[in-house]
Structures are given as structure tokens and as C-alpha cells.
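Each chain, written out:
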Amino acid sequence: MKLSLNLILTGAFGLVATPVLAQGSPWLPVPKTGSITITQVSQEATHFYRGPNGTARGAFPYGKLEQTTTWFTGNYGIADAVAVDARIGRSEAEAASPSPAGTGPPPGQDGSADMSIGVTWRFVDEDTSDTGMPSVAVRVGMIRAGDYDVGTPTAIGDGGDGFEASLLVGKVMGPIAVSAEFGIKSLNNDIPQATTLTATAHWFTPVPGLSVRAQYYSQGSDGSLNIGSPEGPPAHPDRFPEVAEEVDRLSVGATYSFGALSVGVDRFDTRDGRNTGDFDAWAASVSYSFDLYQP
């Protein structure tokens, strides 16, 4: 039961280059168990946020930006309070039509997405706490840039190596589970440091194996460069990774688990942003859980 609960609560869905969910979770797999997840993300935007302050919403000059990403994610419990995770992916992005000015769209891209590997340590377990505290954990991870060109709006990612760290808190209360994650991401190549906040609520419905969820995700940036400013892109396309990317998103989703398999679907909607596309997205996933314990 605990392994399937972990799968339901920690589905790994992501959007490139601004992930919707980080990979951390306060609910860890039991030792010598884990899961492998394949997630397909499809997103598109006809508008984006740019201008002197990076927050003016306007139409893409070339119609529409579309992107599809396939993520392969794994996690494994190596001890009662320690787990490891890894994620690799491949993404394709393209502009849908030429610009009204007749200059043509930026070239499409097809390449590997940023990969990551991380370790999570849970130092408070709600199942063994005598004080009623929630589960609390920290995660640290390393990021390696994928293979793509960063000097274009169709860039798959920011093109930087670095690290991420987050504090995770979660509590299961009967049919309801709530969690929050506060994290930072720091990359090289003059990419601004990002801060993230994720809040998620799950409801385990009366239907066996079926859960639904709602989530709020926010990313901030300590950068000052904006798309459309005199010193920024598109006048200087090589500076796209240096812009201050900020976004607020809402999502709803559901997971159905049966035996060792779980399937999930999520719908994401961008509510506000800065120097980013106004993306709508769908994510579908399949997870397989495994148990390597040998008595």
C-alpha cells in the first residue's frame, strides 16, 4: 500500500524549460523499492510575456510555439529515510507558422533535455512522529544541460549545468494529502537563479485506486534582463538564457493505480508570467513500481 501511495503522490510531470513539478517528495519509497515513469508532455502557446518589464502579454510574431517532451524518471529507496532519483528526456520544439513580417519562424529543435540526479533525506516521518508533525525532507540534485541551441525562442532549455535544492513538507490526513515544496535552482553561464514554490492537494476518491489533485506552481528569478529590452533578446539572441523567467501555473490531474502500474493525466494552465510563453499543456504518464527486497 505504501509503495502505491508514493506513486500517486509523487508523479513526475515537467514542462521545458520551466518545470511544473520538481522531482522532490516528502513521501519516499520504502527501502529496496522504486518506480520508473514515462511522461509525455505536450504544450503550446500563441502568446508570450515580454517588453521592457518582461510582463506585457502579446502574440507570438510567428503564430504559435509547440513543444513535446518525453521524460524518463526513476526513483529508488536506498534506506528508510533516503531515496535517489534521476530524470532524462528528449524534447522537440517548433514555431507553427511564418511571422506576419515574412521573416519566417525560428528554426525548430529536437534534442536531449536537461538531465538531473538527486538525493532526498527525510528527517521527520509523520508515520513515526509522536507530535503529529508532517513528513519533512530535503533534496539536493545536480543538473546537466542537454543538447540544444540556446540562442532562439525554440530553445529546449537554458543550457546550463548546476544544482537544485528544496525543502519538502507533506501530510496525509485520511483521504486528503497536502504537500509543499520550496526550492532553488542555480546554473552557470550567467543564468539567473530561480526560486520555486509548489503546493499540491490530493484526494483519494472512494473509487479504489483513483486519486485526483490540484496544484499551484510559482517560479521567481533574481535576473533583471527582459525580452524586448534594448540589451536583451531578440536584438541579442545569445542572451535568451539570461532573461528573468517567472511563471505562475495552476493544474489539475488524476491518477489510477492497479497493481504495479499507475496511469495519470494532468492539465496545466499558465496564469501569469515574465519572459516566458503563455503555455497550456497536457501531460500523460505511465508508472511501474518494483520491489527488489529478498528475504
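Everything quoted here is computed from the prediction, not taken from an experiment.

Mind showing me how you'd approach the overall build of the protein chain here?
For the protein chain, the helix and strand inventory stands at one helix and 15 strands. Across the 295 residues of the protein chain, 48% fall into the buried class. Considering only intrachain contacts with a sequence separation of at least 6, the fraction spanning at least 24 residues in the protein chain is 62%. Looking at the protein chain as shown, the accessible area adds up to about 13400 Å², and 61% of this sits on carbon and sulfur atoms.

Teacher, can you tell me more about the nonpolar core here?
Where a protein is soluble and globular, its nonpolar side chains tend to be buried together. Counting 11 residues, the largest nonpolar core consists of Ala-45, Phe-48, Phe-60, Tyr-62, Leu-65, Ala-95, Leu-225, Ile-227, Phe-240, Val-243 and Phe-279. With sequence-adjacent residues up to four places away left out, Ala-45 is seen in contact with Phe-60, Gly-63, Lys-64, Leu-65, Gly-277, Asp-278 and Phe-279. Core analysis: the next-biggest nonpolar cluster, separate from the first, contains eight residues, Val-41, Trp-71, Phe-268 and Ala-281 among them.

Teacher, can you tell me more about the pairing of strand S3 (residues 56-59) here?
Within a regular beta strand, the side chains point alternately toward one face of the sheet and then the other, so they alternate between its two faces. Relative to S3, strand S2 (residues 47-50) runs antiparallel, the two sharing four bridges. If you follow His-47 over to S3, its bridge partner there is Ala-59. Count of turn residues in the S2/S3 antiparallel hairpin: five residues, of which Gly-51 carries a positive phi of about 110 degrees.

Got a minute to help me understand unusual backbone geometry in this structure?
Look at the link from Pro-233 to Pro-234: it is a cis peptide, with omega at 5 degrees. Looking at the element boundaries, Pro-234 is found in the loop between strand S12 (210-221) and strand S13 (246-258). Even without a glycine there, the phi angle at Asp-190 is positive, about 65 degrees. With respect to the element layout, Asp-190 can be found in the loop between strand S10 (176-187) and strand S11 (194-204). The phi angle at Asn-275 is positive, at roughly 55 degrees, despite the residue not being glycine. Locating Asn-275 in the fold gives a position in the loop between strand S14 (261-274) and strand S15 (280-291).

Sorry if this is basic, but what is going on with the pairing of strand S1 (residues 33-45) here?
The sheet contact formed by S1 and S15 spans 12 bridges and is antiparallel. Its bridge partner lying in S15, Thr-33 is registered against Asp-291. Note: S1 against strand S4 (residues 65-79), 12 bridges, orientation antiparallel. Bridge pairing in S4 links Ser-35 to Asn-75.

So what exactly am I meant to see when it comes to the packing of aromatic side chains here?
Each aromatic ring pair is described using two quantities: the centre-to-centre distance and the angle formed by the ring planes. This structure, assessed with the given rule, holds five aromatic pairs. Centroid distance Tyr-76 to Phe-290: 6.2 Å. Interplanar angle 15 degrees. Geometry classified as stacked. Taken together, the residues span a long stretch of sequence, with Tyr-76 in strand S4 and Phe-290 in strand S15 at a distance of 214 residues. Classification of Tyr-76 as partly exposed rests on a relative accessible area of 24%. When the centroid spacing of 5.2 Å and the interplanar angle of 40 degrees are considered together, the rings of Trp-121 and Phe-123 count as tilted. A relative accessible area of 40% places Phe-123 in the partly exposed class. The structure contains a cluster of three or more aromatic residues connected by ring pairs, namely Phe-48, Phe-60 and Tyr-62. For the cation-ring pair, Arg-50 lies above Phe-48, with the distance from its terminal atom to the ring centre recorded as 5.6 Å.

For this particular structure, what's the right way to read the side chain of Thr-255?
Along the chain, the position of Thr-255 falls in strand S13. Reaching out from Thr-255, the side chain makes a polar contact with the side chain of Arg-213 at a distance of 2.8 Å.

Explanation requested: the environment of Val-84 in the structure shown.
Among the secondary structure elements, Val-84 is positioned in strand S5 (residues 82-95). Measuring from C-alpha to C-alpha, the distance between Val-84 and Gly-34 comes to 9.3 Å, with 50 residues separating the pair along the chain.

Help me out: how do you make sense of a nonpolar patch on the surface in this one?
Judged by side-chain polarity, Tyr-256, Phe-258, Leu-261, Val-263, Val-286 and Tyr-288 come together as a nonpolar surface patch covering roughly 510 Å² of accessible area. Mapped by element, the contributors of at least two residues to the nonpolar patch are S13, S14 and S15. Looking at the secondary structure, you find Val-263 in strand S14. Among the residues examined, Val-263 registers a relative accessible area of 34% and is labelled partly exposed.

Each value, and the rule that gives it
- Residues numbered from 1 in each chain as written.
- Predicted model: local features only at pLDDT ≥ 70, side-chain atom pairs only at ≥ 80, totals over all residues.
- Heavy atoms only, no water.
- Helix = DSSP H or I, 4+ residues; strand = E, 2+ residues; numbered from the N terminus.
- Buried < 20%, exposed > 50% of the residue type's maximum accessible area, 1.4 Å probe, protein only.
- Contact = heavy atoms within 4.5 Å.
- Areas by Shrake-Rupley, 256 points an atom, 1.4 Å probe, with all protein chains shown as cover.
- Core = buried A, V, L, I, M, F, W, Y, C linked by side-chain atoms within 4.5 Å.
- Pairing = 2+ DSSP bridges.
- Phe/Tyr/Trp six-rings, centres within 6.5 Å; stacked < 30°, edge-to-face > 60°.
- Lys NZ or Arg CZ within 6 Å of the ring centre and 35° of its normal.
- Polar contact = N/O pair within 3.5 Å; in protein donor to acceptor, adjacent residues only side chain to side chain.
- Patch = residues over 30% accessible without salt bridge, like charges linked within 9 Å, V, L, I, M, F, W, Y side chains within 5 Å.
- Salt bridge = Lys/Arg side-chain N within 4 Å of Asp/Glu carboxyl O.

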